[in-house]
Number of protein chains: 4
Amino acid sequence: MLLESLREQVLKANQEIARRGLAPHTFGNASGIHRSGSQPLVVIKPSGVDYNALTTADLVVTDINGKILEGTLKPSSDLDTHTLLYRAFPQIGGIVHTHSEFATSWAQACKPIPCLGTTHADYFHGSVPLTEPLTAEEVASGYVRNTGEVIVRRFKAENLDPIAVPGVLVAGHAPFAWGKNAHEAVEHADVLEYIARLAFRSVLLNPSSADLPVHVRDHHYMRKHGPKATYGQKR
Amino acid sequence: MLLESLREQVLKANQEIARRGLAPHTFGNASGIHRSGSQPLVVIKPSGVDYNALTTADLVVTDINGKILEGTLKPSSDLDTHTLLYRAFPQIGGIVHTHSEFATSWAQACKPIPCLGTTHADYFHGSVPLTEPLTAEEVASGYVRNTGEVIVRRFKAENLDPIAVPGVLVAGHAPFAWGKNAHEAVEHADVLEYIARLAFRSVLLNPSSADLPVHVRDHHYMRKHGPKATYGQKR
Amino acid sequence: MLLESLREQVLKANQEIARRGLAPHTFGNASGIHRSGSQPLVVIKPSGVDYNALTTADLVVTDINGKILEGTLKPSSDLDTHTLLYRAFPQIGGIVHTHSEFATSWAQACKPIPCLGTTHADYFHGSVPLTEPLTAEEVASGYVRNTGEVIVRRFKAENLDPIAVPGVLVAGHAPFAWGKNAHEAVEHADVLEYIARLAFRSVLLNPSSADLPVHVRDHHYMRKHGPKATYGQKR
Amino acid sequence: MLLESLREQVLKANQEIARRGLAPHTFGNASGIHRSGSQPLVVIKPSGVDYNALTTADLVVTDINGKILEGTLKPSSDLDTHTLLYRAFPQIGGIVHTHSEFATSWAQACKPIPCLGTTHADYFHGSVPLTEPLTAEEVASGYVRNTGEVIVRRFKAENLDPIAVPGVLVAGHAPFAWGKNAHEAVEHADVLEYIARLAFRSVLLNPSSADLPVHVRDHHYMRKHGPKATYGQKR
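How each quantity is defined
- Residues numbered from 1 in each chain as written.
- Chains lettered and ligands numbered in written order.
- Predicted model: local features only at pLDDT ≥ 70, side-chain atom pairs only at ≥ 80, totals over all residues.
- Heavy atoms only, no water.
- Helix = DSSP H or I, 4+ residues; strand = E, 2+ residues; numbered from the N terminus.
- Rg over C-alpha atoms; globule rule 2.2 N^0.38 Å.
- Buried < 20%, exposed > 50% of the residue type's maximum accessible area, 1.4 Å probe, protein only.
- Lys, Arg positive; Asp, Glu negative; His and termini not counted.
- Charge placed at Lys NZ, Arg CZ, Asp CG, Glu CD.
- Pairing = 2+ DSSP bridges.
- Contact = heavy atoms within 4.5 Å.
- Least-squares fit on C-alpha atoms with pLDDT ≥ 70 in both.
- Salt bridge = Lys/Arg side-chain N within 4 Å of Asp/Glu carboxyl O.
- Polar contact = N/O pair within 3.5 Å; in protein donor to acceptor, adjacent residues only side chain to side chain.
- Nonpolar A, V, L, I, M, F, W, Y, C, P; charged D, E, K, R; others polar.
- Axes fitted to C-alpha atoms, helices over the stretch in contact; angles between N-to-C directions.
- Parallel < 35°, antiparallel > 145°, perpendicular 65-115°, else oblique.
- Left-handed = near helix turned anticlockwise from the far one by under 90°.
- Buried area = accessible area lost by both parts, 1.4 Å probe.
- Expected span 1.5 Å × (residues − 1).

Engineer: Got a minute to help me understand the overall build of chain A in this structure?
Structural biologist: Looking only at helices and strands, chain A features eight helices and seven strands. On C-alpha atoms alone, chain A measures out to a radius of gyration of 17 Å, which is about the 18 Å that the 2.2 N^0.38 rule sets for 235 residues. Seen through its C-alpha atoms, chain A measures out along the principal axes to roughly 50 × 50 × 35 Å. Within chain A, the fraction of its 235 residues that count as buried is 63%. Treating the 23 positive side-chain charges of chain A as one cloud and the 23 negative ones as another, the clouds have centres 5 Å apart.

Engineer: Help me out: how do you make sense of the pairing of strand β3 (residues 60–63) of chain A in this one?
Structural biologist: Put simply, side chains in a regular strand alternate between the two faces of the sheet. All names here are of chain A. Because side chains alternate across β3, one face comprises the buried residues Val60 and Thr62, and the other comprises Val61 and Asp63, equally buried. Here four bridges tie strand β2 (residues 41–44) to β3, and the two strands are oriented antiparallel to one another. Along β3, the bridge assignment pairs Val42 with Thr62. Connecting β3 to the next strand, strand β4 (residues 68–70), in antiparallel fashion are four residues, including Gly66 with a positive phi near 90°.

Engineer: Looking at this structure, I do not really get the arrangement of the chains. What am I missing?
Structural biologist: Left apart from each other, chain A and chain C have a closest C-alpha approach of 11 Å. In this assembly chain B lies apart from chain D, the nearest approach of their C-alpha atoms being 11 Å.

Engineer: Teacher, can you tell me more about the relation of the copies chain A and chain D here?
Structural biologist: Turning one copy of the chain about an axis and sliding it along that axis gives the other copy, so a rotation and a shift relate them. Overlay of chain A on chain D (RMSD 0.0 Å): rotation 90°, translation along the axis 0.0 Å. Expressed as a symmetry operation, the mapping of one chain copy onto the other fits a four-fold axis. Residue Leu204 of chain A, judged by its C-alpha, is the member of chain A lying nearest the rotation axis, at 5.4 Å. Here only 3% of the contact residues of chain A are again contact residues in chain D; the copies associate through non-equivalent surfaces.

Engineer: Would you take a moment to explain the interface of chain A and chain B for this structure?
Structural biologist: Note on interface size: it is often stated as the accessible area lost on association of the parts. Across the contact, 30 residues belong to chain A and 32 residues belong to chain B. At the boundary of chain A and chain B, one finds two salt bridges. In this structure, the salt-bridge partner of Glu101 of chain B is Arg197 of chain A, at a minimum N-O distance of 2.7 Å. Linking chain A to chain B there are 12 residue pairs in polar contact (both at pLDDT 80 or more). Put simply, the parts of the chain that give the side of chain A that touches chain B at least two residues each are α4 (118–123), α7 (182–205) and α8 (214–225) of chain A. The biggest single contributor to the side of chain A that touches chain B is α7 of chain A, with 11 residues. Across the side of chain A that touches chain B, the residue classes tally to 11 nonpolar, 12 polar and seven charged.

Engineer: Would you mind going over the side chain of Arg7 of chain C with me for this structure?
Structural biologist: Summarising the element assignment, Arg7 of chain C is placed in helix α1 (residues 2–19). In contact with Arg7 of chain C, not counting residues within four places along its chain, are Val43, Thr56, Ala57, Leu59, Val61 and Glu70 of chain C.

Engineer: Would you take a moment to explain unusual backbone geometry for this structure?
Structural biologist: Leaving glycine aside, a negative phi is the common case for residues, and trans is the common case for peptide bonds. In the Ramachandran plot, Asn159 of chain B falls in the positive-phi region, its phi being about 55° despite a non-glycine side chain. Its relative accessible area of 71% is what places Asn159 of chain B among the exposed residues.

Engineer: Would you explain the environment of Gly66 of chain B in this entry?
Structural biologist: Residues and elements named next belong to chain B. Within the secondary structure, Gly66 sits in the loop between β3 (60–62) and β4 (68–70). Between the C-alpha atoms of Gly66 and Lys111, which are 45 residues apart in sequence, the distance is 31 Å. The contacts of Gly66, once residues within four sequence positions are left out, are Leu79 and Thr83.

Engineer: Could you clarify how one ought to interpret the pattern of salt bridges in this entry?
Structural biologist: Where charged atoms of side chains with opposite charge meet at close range, the side chains can pair. All names here are of chain C. Under the criterion given, the structure shown has 48 salt bridges over all chains. Two residues, Arg20 and Asp190, come together in a salt bridge whose shortest N-O distance is 2.8 Å. Placement of the pair is Arg20 in the loop between α1 and β1 (29–34) and Asp190 in helix α7 (residues 182–205), with a sequence separation of 170 residues. A relative accessible area of 24% means that Arg20 is categorised as partly exposed.

Engineer: Would you explain the packing of helix α3 (residues 101–109) of chain B against helix α7 (residues 182–205) of chain B in this entry?
Structural biologist: Axis angle and axis distance: for two packed helices, these are the angle between their axes and the distance between the axes, and together they describe the pair. Residue and element names in this part refer to chain B. At a minimum axis distance of 7 Å, the contact between α3 and α7 shows a crossing angle of 60°. If you check the angle between α3 and α7, you find them oblique. Where α3 crosses over α7, the two elements pack in a sense that is left-handed. Seen from α3, the contacting residues are Glu101, Phe102, Ala103 and Trp106; seen from α7, they are Leu192, Glu193, Ala196, Arg197, Ala199, Phe200, Arg201 and Val203. Residue composition of the contact of α3 with α7, grouped by class: eight nonpolar, no polar and four charged.

Engineer: Which parts of the structure should I look at to understand the interface of chain A and chain D?
Structural biologist: Listed by partner, the interface residues are 32 residues for chain A and 29 residues for chain D. In this assembly, chain A packs against chain D so that about 2,800 Å² is buried in total across both faces, 55% of it on carbon and sulfur atoms. The tally of links between chain A and chain D comes to two salt bridges. Of all the elements, helix α3 (residues 101–109) of chain A adds the most residues to the side of chain A that touches chain D, at seven residues.

Engineer: When you look at helix α1 (residues 2–19) of chain B in this model, what are you seeing that I'm missing?
Structural biologist: Note on helix geometry: an α-helix contains 3.6 residues per turn, so any two residues three or four positions apart are oriented the same way. Residues and elements named next belong to chain B. Taking 1.5 Å of rise per residue, the 18 residues of α1 would be expected to cover 26 Å, and the 25 Å separating its terminal C-alpha atoms lies within 8% of that figure. Restricting attention to buried positions, one finds in α1 the residues Leu3, Leu6, Arg7, Val10, Leu11, Ala13, Asn14, Glu16 and Ile17. Looking at the buried positions of α1, the neighbouring elements they touch are β1 (29–34), β2 (41–44), β3, β4, β5 (94–97) and α7. In the segment just after α1, Gly21 is the residue with positive phi, at about 70°.

Take it as geometry only, folks, not as evidence of what the structure does.
In structure tokens, the structure reads:
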């Protein structure tokens, strides 16, 4: 029952990737995790299947180490990145990988996205970080899992909170975003693309565009996410 | 009755924000004011409600100081900016705040939009001005109201007429536009985005793009807005 | 009868301006001329009327000097530019004025569009020229007519053939395009926007992008327009 | 029968060019070749016919030297480029020529598209190459055929495999892409435009954007195309 509801949510998130234009062709995938049962269950998109043809029955169920438990199709080729992130970031419940155009362009330029405005600060508490490139050995010894490793290494090195910074750029590759569930993950992937577009144009207009002052950045982040959040209606 | 008609106009303006793509997600809001009664009444979008789901009954009515008079939902978190502008600029009857992409990129780049062409001059008599950033104290002591204060301070410092210059960029944030009513405000927000796109590309093509000569700028502004306006059909 | 057919064609061209997205709001207009009767008749869009609401009955008919012969609405405020061009360029039968985004950005940057590729050369034999800005006196003594004058002056100064170069950028304003009739004029306005987009990106990628070699440029222009044209089906 | 199936595939590929927005107006064409019969048969779009009006009966059938065998319409003016590529690259079965906007902008800037990311590496094993410009003599002595010659010369000079590098930019002109059939060719033309957009933005963000490390590039290319490909479902 819970698994069925997770399947629905992951299906919806994968469809949203396509509907919002975040991943041309089949360059993207969403997953979700159910953590509270006897063993955590991951639900993920199968590899290379068109978003429009996808059904809940096509989704693949694995354990948190990527061992397939249910499903006849091969899981997304990015599965090992997803499961590594679920193991390293116990706070998160959904992951979305896209090749959205502007975020991917920043990843290819090997530049983190600076926090230039309040739109950015409402969702990401600071820059959108950039990983190191994978070494030849990391590529050879488990490319997909090591993609997760370089993400986690970056967050540890900077002492970043994956809830406050719900996404990353993998150098020379593309973005990953996450959230407390798959629905929030795709929302963050969409906002990430939006702020990538804004920042692209701001730095072209003014190459010395400066980070938002810390007092504004923190105010905006806290008004949406802090204990005294004032945005939206009471739930 | 008059209030009902204002509600309809403010609803329409909020829907236009979405329809014209000026504010992804719910990053935008429109308000209108009825000034001629015993006390001025402000009608504004509620916070965080989707544009498509919005009805006139959802709109919030306040006095000119932002005291809620009607409505069960929380007003837009930007309410205090709107009411401050209504108090400071008695000529205006509607305000629209968006996060439209190119205008926001200019705001993040901390650059006013120069008046490079006649399209700009038809609507804005001179550059689209840029505010100062808010100080830490201003953020702490009433961020939203002080967003209005930095706008007004900028108009006073340059002796700008809010009718001739119907919009502004808040540094590191996004644009506000206004007009004699909510309908005209959303039209100005849309034109502002359009001229932000044109100017973005012009300055990339030619970083030393120069302001339109004053004689052309004034001619264009006056033919639409002056006492001898020649554009459009007689009303 | 002939006038009715011209009205239909001019209506269609005005609708095409909107359909192809060449003129946001009502920033654009199309006209056509019938030259073979006892006196030339010009049909032009009325001022400030929405493209979707336009009917053939709304169009305004004038003589070649802009004297209104038929119609109850005010003609486009750009009428005097159109009629001046019809008088100066007897080869042309239709004119389209737009504020299409990339062509307007080049006009605002005060740069002609260089002929960087074969797509450009198929339609424009050389750069898309740029006028001089209007002087204060020209603005004061007939702004709209003098907009036509600076276009004609530019073509004379460079000895350009308006059939081989079917469009121009008015400095700090926007493009005008033309053709043997209103249908071809709107096609040229659309191609002009397309090549403006291409050239914008090429010069950003490579600021020293060079004009297409003359032997390629001439080959492409002649294969579509020369006496031995090989493109398309025989008519 | 086989020819009929090839006609269907070539029709579909031409329609896909339009549907994906790869060739405004009629600036593009697709062809396919049937190689296994007694003589190779090429099916190609007729010249200057609108994609939406196109039927299988309109397509032109030629031999591998471009001699017309079936069809009443003139073949695409680019026929000689297609047939030369079919003769030079026996591995390929379909060719698509577009004027897609970003790939054409790179061609006009006379710059190959560097391999900056894994999206690129999944489809193109290295840069998208750029031809030399055609000399005046080459233009005069068979412009269209010589367009094919400069492509082939570029692949020979760099010892490129047309299967691993399924496309090219013709300097000052536009891209050609190909594949094992017309369907794959249009897919490659679409991906080429996508990576042209990404790379455009990456190099603007960081003019010294570096090629993806060879170990990542090769890993990505091989996981989709190598003998141990792991992407997608087993066929």
